[in-house]
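# Geometric and topological summary
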Amino acid sequence: MKSITICISFSRKLLFEDFRTWLSDISNIALESTIDMSCAKYEFTDALLCHDDELEGRRIAFILYLVPSWDVSLGGTLDLYSTDEHFQPKQIVKSLVPSWNKLVFFEVSPVSFHQVSEVLSEETSRLSISGWFHGPSVTRPPTYFEPLIPRNPHIPHDHEILYEWINPTYLDMDYQVQIQEEFEERSEILLKEFLKPEKFAKVCEALEKGDVEWSSRGPPNKRFYDKADENKLPDILKDCMELFCSEALFLLLSNFTGLKLHFLAPSEDETEDKIEAEATCAAGSTEEGTSHTSSEPEKNQAAVHSSQQSSEHTDSDPEEDEAKRESSVPTCQGELRRWKPGHYTLVHDNSKTEFALDLLFYCGCEGWEPEYGGFTSYIAKGEDEELLTVSPENNCLALVYRDQETLKFVKYINHRSLEQKKTLPDRTGFWDFAFVYYE
């Protein structure tokens with residue numbers, strides 16, 4: 001025990017005094033006596049994703065490796081990134097393999113982006129001592145804000161598109177009322193077997209075929225996954241994207257959630273007025289007077305439900321109504337994504353938070369396990385505790401309403417996910433249609 005204490009004391013003196021003086025001389029940075037230091041142990045599938053280490057006063061980062069015999073096949077490399085004109089990380093330009101008693105250090109700056117790649121060894125741990133030498137703070141460049149992703153109003157499509165694509169169960173008005181009640185209580189819901197089986201099979205077939213053009217979406221300090229080129233999609237996938245952007249789906253989502261995503265959808269005040277009116281006239285209602293008289297009851301019910309509400313308001317100025325509609329037109333943005341080992345999204349300093357409805361629809365998730373990652377996690381701003389986790393599940397539509405205090409990220413997909421190849425040799429992940437709707 002005494003020998004260990006002596007060894008630690010010697011190492012501390014060497015690092016805090018002699019080495020700091022030498023490092024200050026060669027870096028030309030007036031390093032202070034403040035030094036942060038900790039020990040890290042990375043095991044199978046552990047990784048540390050892209051970041052720059054910048055915090056007030058940190059000037060030089062260091063890592064002392066205490067690993068046994070190691071090579072690149074075991075993962076755990078220290079990967080250094082190049083940056084673009086906005087000081088955002090672009091791609092890995094150098095990978096340093098750990099080895100026993102190797103010391104690595106680098107200056108902390110607005111461009112010092114790096115990561116620890118996933119450890120791929122199930123037997124060997126990656127041990128290290130790491131930390132930062134402090135010194136005078138440096139001026140950071142102005143914060144870069146990414147261009148906003150365009151939001152678009154719905155595409156004109158009547159309710160026929162719903163009957164072509166969606167499981168008829170979800171088009172039943174009584175069932176929609178149940179869905180809305182549950183959604184309003186929980187702010188989230190999972191709708192299983194959402195698409196008709198034959199449509200879902202065709203979508204999966206097109207994704208499996210490999211005729212989709214994918215591009216990597218970054219920057220890696222915020223996200224890393226593949227996005228489909230919407231202009232070059234096979235017809236069935238293009239049609240599916242149109243379904244999620246369609247006017248009919250906007251109205252259906254309004255019925256599912258109670259949100260006003262279509263001008264025909266009743267507002268909260270209108271809904272309360274309707275409940276009061278129904279309560280007032282309930283005693284005088286007859287079976288004949290309340291029955292559905294459409295010649296096509298099942299086919300029309302999803303589209304008719306809210307349009308009947310709007311006919312009650314006939315006293316307002318048409319020009320005023322039109323101006324209101326244009327100023328608060330519901331919009332959406334969406335993409336088709338491919339998820340593979342190594343993909344993720346991160347919560348970051350510029351994460352935009354606002355009221356919105358998230359829609360996630362999954363394909364190719366057979367045999368997917370939570371331990372693989374790839375699930376979407378919702379957390380409260382400033383908190384670590386998860387509020388909700390949405391796991392990939394075939395032909396499931398997840399709806400989540402989030403407020404201005406809620407952030408989300410997709411958990412890093414690790415190499416355990418390669419287990420999927422045992423049953424599906426050509427599969428290395430899954431796909432999702434990811435949309436966000438705004439009232």
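To keep things clear, this report deals only with the structure shown in the data block. Computed from a prediction, not measured in an experiment: that's the story for all the values here.

Our focus in this paragraph is unusual backbone geometry. Excluding glycine, residues mostly have negative phi values, and the peptide bonds linking residues are mostly trans. Between Gly-218 and Pro-219 the backbone carries a cis peptide bond, its omega angle lying at 0°. Tracing the backbone through its elements, the reader meets Pro-219 in the loop between β10 (214–217) and β11 (223–228). For Asp-53, which is not a glycine, the phi torsion comes out positive at approximately 70°. For Ser-187, which is not glycine, the phi dihedral falls at a positive 65°. Considering the arrangement of structural elements, one finds Ser-187 in the loop between α3 (173–186) and β9 (188–191).

Our focus in this paragraph is the packing of helix α4 (residues 197–209) against helix α5 (residues 235–245). Their axes nearest at 9 Å, the elements α4 and α5 cross at an angle of 120°. When the axis of α4 is compared with that of α5, the two are oblique. Handedness of the α4/α5 crossing: left-handed. Contacts between α4 and α5 involve Lys-199, Lys-202, Val-203, Ala-206 and Leu-207 on the former and, on the latter, Ile-236, Leu-237 and Cys-240. Partitioned by chemical class, the residues of the contact of α4 with α5 number six nonpolar, no polar and two charged.

Here we come to the sheet that holds strand β15 (residues 376–380). Pairing between sheet strands relies on hydrogen bonds along the backbone, with the strands arranged either parallel or antiparallel. Spatial strand order, β16-β15-β18: three strands in an open sheet with antiparallel pairing. Sheet topology places β16 (386–390) and β18 (406–410) at the edges, where each strand pairs with a single neighbour. On average, each strand axis in the sheet is inclined to that of its neighbour by 20°, with strand direction left out of account. In terms of strand pairing, β15 meets β16 through four bridges, oriented antiparallel.

Here the focus is the pairing of strand β17 (residues 397–402). Among the six residues in β17, five count as buried, and that is most of the element. For strand β14 (residues 356–363) and β17, the ladder comprises six bridges, and the chain directions are antiparallel. Paired with Leu-357 across the strands is Tyr-401, a residue of β17.

The rules behind these values
- Each residue is numbered by its place in its chain's sequence as written, counting from 1.
- Restriction of local features to residues with pLDDT of at least 70 applies here, the model being predicted, together with a cutoff of 80 or more for giving and counting side-chain atom pairs; totals for whole chains, interfaces and linings are based on all residues.
- With hydrogens and water excluded, all non-hydrogen atoms of the structure serve as input to the side-chain values.
- Only DSSP runs of H or I reaching four residues or more are called helices, and only runs of E reaching two or more are called strands; each is numbered from the N terminus.
- All axes are obtained by fitting lines to C-alpha atoms, using only the stretch in contact for helices, and the reported angles, taken between N-to-C directions, cover 0 to 180 degrees.
- These descriptions rest on fixed angle ranges, namely under 35 degrees for roughly parallel, over 145 for roughly antiparallel, 65 to 115 for roughly perpendicular, and the rest for oblique.
- If you view the pair so one helix is near and one far, a crossing is left-handed when the near helix is turned anticlockwise from the far one by less than a right angle, and right-handed when it is turned clockwise.
- In this analysis, two residues are considered to be in contact whenever any of their non-hydrogen atoms come within 4.5 Å of each other.
- By the convention adopted, Pro, Cys, Tyr, Trp, Phe, Met, Ile, Leu, Val and Ala count as nonpolar, Lys, Arg, Asp and Glu as charged, and the other residues, Gly among them, as polar.
- In this analysis, strands are considered paired if DSSP registers two or more bridges between them.
- Partly exposed describes any residue whose relative accessible area lies between the buried limit of under 20% and the exposed limit of over 50%, with all areas from a 1.4 Å probe on protein chains only and scaled to the type maximum.

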